[in-house]
Amino acid sequence: MCNGDGYLEIGMQFLPDVLVKCSQCGGKRYRPEILKIKYRGRDIADVLELTVREAFTFFRGSPKVQAKLKMLIDVGLDYLRLGQPANTLSGGEAQRLKLAGYMSGAKRNRTLFILDEPTTGLHFADVVQLLDCFDALLAVGHSLIVVEHNLQVMKAADWIIDLGPGAAHEGGQIVVQGTPELVSRAKHSATGCFLAEALAKSFHEATA
């Protein structure tokens, strides 16, 4: 029995474990009597195979459900399947999932969020959406500390602390800190050099 997982995990000792579809439920995770219940022509197994964006359309007319899904879309997780196992998420995806859960919950006290590379794997447009979420949190009094290499995030930051000068044992020192504009003028900072190019490009695009 798969105990509702849909798959059986077979240990292979020195090789990666293998997942085999459950012969009893056929990977659908639910008993036949549960799968007989349908909503708009889909059973629960079908619904769990929908992506977040597909589900947003599917649950039209259900504002409470759509509000929860909208939070996932806003943090760039619209491509995830509703039934996707949590252990298949990347670190960035897991952080954004927690962020969406927090934003969709009841009003909470002011909170300090610490995020580690939340933009990993995101398209440019999705990073913009994530920054909008950050702005929404800041607007109601929350604070964020974000460990990032993404220049879009750096440009939007209030304050940057550049650690280095190298990686791992060659780092650990504060190379420069300040606003993005101040850091971009630090010629001895690799981050500053890349940031200067990004800010110059943004300026030219805005004035073109």
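Note that the structure is a prediction, hence the values are computed from the model and not measured.

(A) Representation of the nonpolar core. Grouped together as the largest cluster of nonpolar side chains are 27 residues, with contacts concentrated most on Val75 and Leu99. Going through the elements one at a time, α3 (52-58), α4 (63-74), α5 (91-104), β3 (112-116) and α6 (124-139) are the ones with two or more residues in this core. When residues in this core are grouped by element, the largest group, six residues, is from α6. When residues no more than four places from it in sequence are discounted, the contact partners of Leu99 are Val75, Phe113, Leu130, Phe134 and Leu137. Ranked by size, the runner-up nonpolar core spans six residues in total, among them Met154, Ile160, Val176 and Ala186.

(B) Expanded view of the side chain of Asp162. Among the structural elements, Asp162 can be located in strand β5 (residues 160-164). We note that Asp162 is buried and unpaired, the nearest opposite charge coming from Lys187 at a distance of 13 Å. Polar side-chain contacts of Asp162 include one of 3.0 Å to the side chain of Thr191. Setting aside chain neighbours within four positions, we find Asp162 in contact with Gln173, Ile174, Val175, Val176, Ser189 and Thr191.

(C) Quick look at unusual backbone geometry. In this structure, Pro165 follows Gly164 across a cis peptide bond, with omega equal to 5°. In this fold, Pro165 is placed in the loop between β5 and β6 (173-178). Positive phi is not limited to glycine here, since Arg29 has a value of about 75°. Along the polypeptide, Arg29 turns up in the loop between β2 (15-21) and α1 (32-35). Take Arg29: its relative accessible area is 31%, and that puts it in the partly exposed class. Although it is not a glycine, Arg40 sits at a positive phi angle of roughly 55°.

(D) Just the packing of aromatic side chains, in detail. For the structure shown, the criterion picks out four aromatic pairs. Between Tyr39 and Phe59 the ring centres are 6.0 Å apart and the planes differ by 20°, which places this aromatic pair in the stacked class. Taken together, the positions of Tyr39 in the loop between α1 and α2 (44-48) and Phe59 in the loop between α3 and α4 put the pair 20 residues apart, joining distant regions of the chain. Overall, the relative accessible area of 38% leaves Tyr39 in the partly exposed class. Following the ring pairs from residue to residue traces out a cluster consisting of Tyr39, Phe58 and Phe59.

(E) Geometry of a nonpolar patch on the surface. Side chains of Leu8, Ile10, Met12, Leu15, Val18 and Val20 sit close together on the surface and give an oily, nonpolar patch of about 450 Å² of accessible area. Looking at the nonpolar patch, the elements that each hand over two or more residues are β1 (7-12) and β2. Mapping Leu15 onto the fold places it in strand β2.

Definitions and cut-offs
Residues numbered from 1 in each chain as written. Predicted model: local features only at pLDDT ≥ 70, side-chain atom pairs only at ≥ 80, totals over all residues. Heavy atoms only, no water. Core = buried A, V, L, I, M, F, W, Y, C linked by side-chain atoms within 4.5 Å. Buried < 20%, exposed > 50% of the residue type's maximum accessible area, 1.4 Å probe, protein only. Helix = DSSP H or I, 4+ residues; strand = E, 2+ residues; numbered from the N terminus. Contact = heavy atoms within 4.5 Å. Lys, Arg positive; Asp, Glu negative; His and termini not counted. Salt bridge = Lys/Arg side-chain N within 4 Å of Asp/Glu carboxyl O. Polar contact = N/O pair within 3.5 Å; in protein donor to acceptor, adjacent residues only side chain to side chain. Phe/Tyr/Trp six-rings, centres within 6.5 Å; stacked < 30°, edge-to-face > 60°. Patch = residues over 30% accessible without salt bridge, like charges linked within 9 Å, V, L, I, M, F, W, Y side chains within 5 Å. Areas by Shrake-Rupley, 256 points an atom, 1.4 Å probe, with all protein chains shown as cover.

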